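# Report on the structure
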Amino acid sequence: IMAKVGIDKAQIEDCMKQSFEGANPNIDDNKILREERERYLKTGVPFYPSIQINNVLYRGNLEPVEHVFDALCASFTHTPEICVNYYNPPVGPKVDYWIIILVVTVILAIFLYCMIFVYKKIAVSYTH
């Protein structure tokens, strides 16, 4: 199978031999496995990649990133500004739609008045 997918068997065997501290893999210690075990015993993390927040293993989805961000923000005793802005984004100036409606209505009323005035002038000129 390794040959089919292009993996050099000699490189794998060489890597394996170098990972043991002696010549006999049946009785000698494997440094890579020992380091992994020591890391597991130190951190309690049996898998990688993993995330620790305040020395506590994050046990949630890594995707989407917002889940990790939520856990990070929740871990603070004093919430940083980036978290506050993320959950409560700054709001721009409030638009008062009633003023806009009033202005548009006044403009339409003036336009309608002008149209009626022009219509009356044209109607008067046709009657004479």
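Scroll up to find the structure this text is about.
These figures come from a predicted structure and were not determined experimentally.

## Side note on the overall build of the chain
Along the backbone of the chain there are 6 helices and 2 strands. In sequence order, the chain lays out its α and β elements as α-α-α-β-β-α-α-α. At 37 Å, the chain has a C-alpha radius of gyration far larger than the 14 Å of a compact globule built from 128 residues. In terms of overall dimensions, the chain has a C-alpha envelope of 120 × 50 × 15 Å along the principal axes. Relative to its full complement of 128 residues, the chain shows a buried share of 8%. Taking all contacts inside the chain whose residues are at least 6 apart in sequence as the whole, residues at least 24 apart take part in 0%. Surface accessibility of the chain: about 11600 Å² in total, with carbon and sulfur atoms responsible for 65%.

## Notes on the environment of Lys17
Within the secondary structure, Lys17 sits in helix 2 (residues 9–19). The class for Lys17 is exposed, based on a relative accessible area of 60%. Measuring from C-alpha to C-alpha, the distance between Lys17 and Ile27 comes to 13 Å, with 10 residues separating the pair along the chain.

## Points about a nonpolar patch on the surface
On the surface, a nonpolar cluster with roughly 770 Å² of combined accessible area is contributed by Val95, Tyr97, Trp98, Ile100, Ile101, Val104 and Leu108. Within the secondary structure layout, Ile100 lies in helix 6 (residues 97–127). Exposure remark for Ile100: the relative accessible area of 43% places this residue in the partly exposed category.

## Quick notes on the side chain of Asn30
Residue placement: Asn30 occurs in the loop between helix 2 and helix 3 (31–43). Side-chain polar atoms of Asn30 contact the backbone nitrogen of Ile32, separated by 3.0 Å. Ignoring sequence-local partners within four residues, the contact set of Asn30 consists of Ser19 and Phe20.

## Topic: the pattern of salt bridges
Here the structure, examined in full by the defined rule, presents 5 salt bridges. When the shortest N-O distance is used, the salt bridge between Lys9 and Glu13 registers 4.0 Å. Highlighted residues: Lys9 and Glu13, both in helix 2, separated by 4 residues, approximately one helical turn. The partner of Glu38 in a salt bridge is Arg34, and the shortest N-O contact between them spans 3.8 Å. Separated by 4 residues within a single helix, Glu38 and Arg34 lie in helix 3, roughly one turn from each other. A network of salt bridges, in which partner residues are shared, links Glu21, Asp29, Arg34 and Glu38.

## Some words on helix 3
Taking 1.5 Å per residue as the helical rise, helix 3 with its 13 residues ought to reach 18 Å, and the 18 Å between its terminal C-alpha atoms agrees with that figure. A distance of 3.0 Å separates the backbone nitrogen of Ile32 from a side-chain oxygen at the start of helix 3, and that oxygen is part of Asn30. Taken from the residues just after helix 3, Gly44 is the one with a positive phi, measuring 75°.

The rules behind these values
- Residues numbered from 1 in each chain as written.
- Predicted model: local features only at pLDDT ≥ 70, side-chain atom pairs only at ≥ 80, totals over all residues.
- Heavy atoms only, no water.
- Helix = DSSP H or I, 4+ residues; strand = E, 2+ residues; numbered from the N terminus.
- Rg over C-alpha atoms; globule rule 2.2 N^0.38 Å.
- Buried < 20%, exposed > 50% of the residue type's maximum accessible area, 1.4 Å probe, protein only.
- Contact = heavy atoms within 4.5 Å.
- Areas by Shrake-Rupley, 256 points an atom, 1.4 Å probe, with all protein chains shown as cover.
- Patch = residues over 30% accessible without salt bridge, like charges linked within 9 Å, V, L, I, M, F, W, Y side chains within 5 Å.
- Salt bridge = Lys/Arg side-chain N within 4 Å of Asp/Glu carboxyl O.
- Polar contact = N/O pair within 3.5 Å; in protein donor to acceptor, adjacent residues only side chain to side chain.
- Expected span 1.5 Å × (residues − 1).

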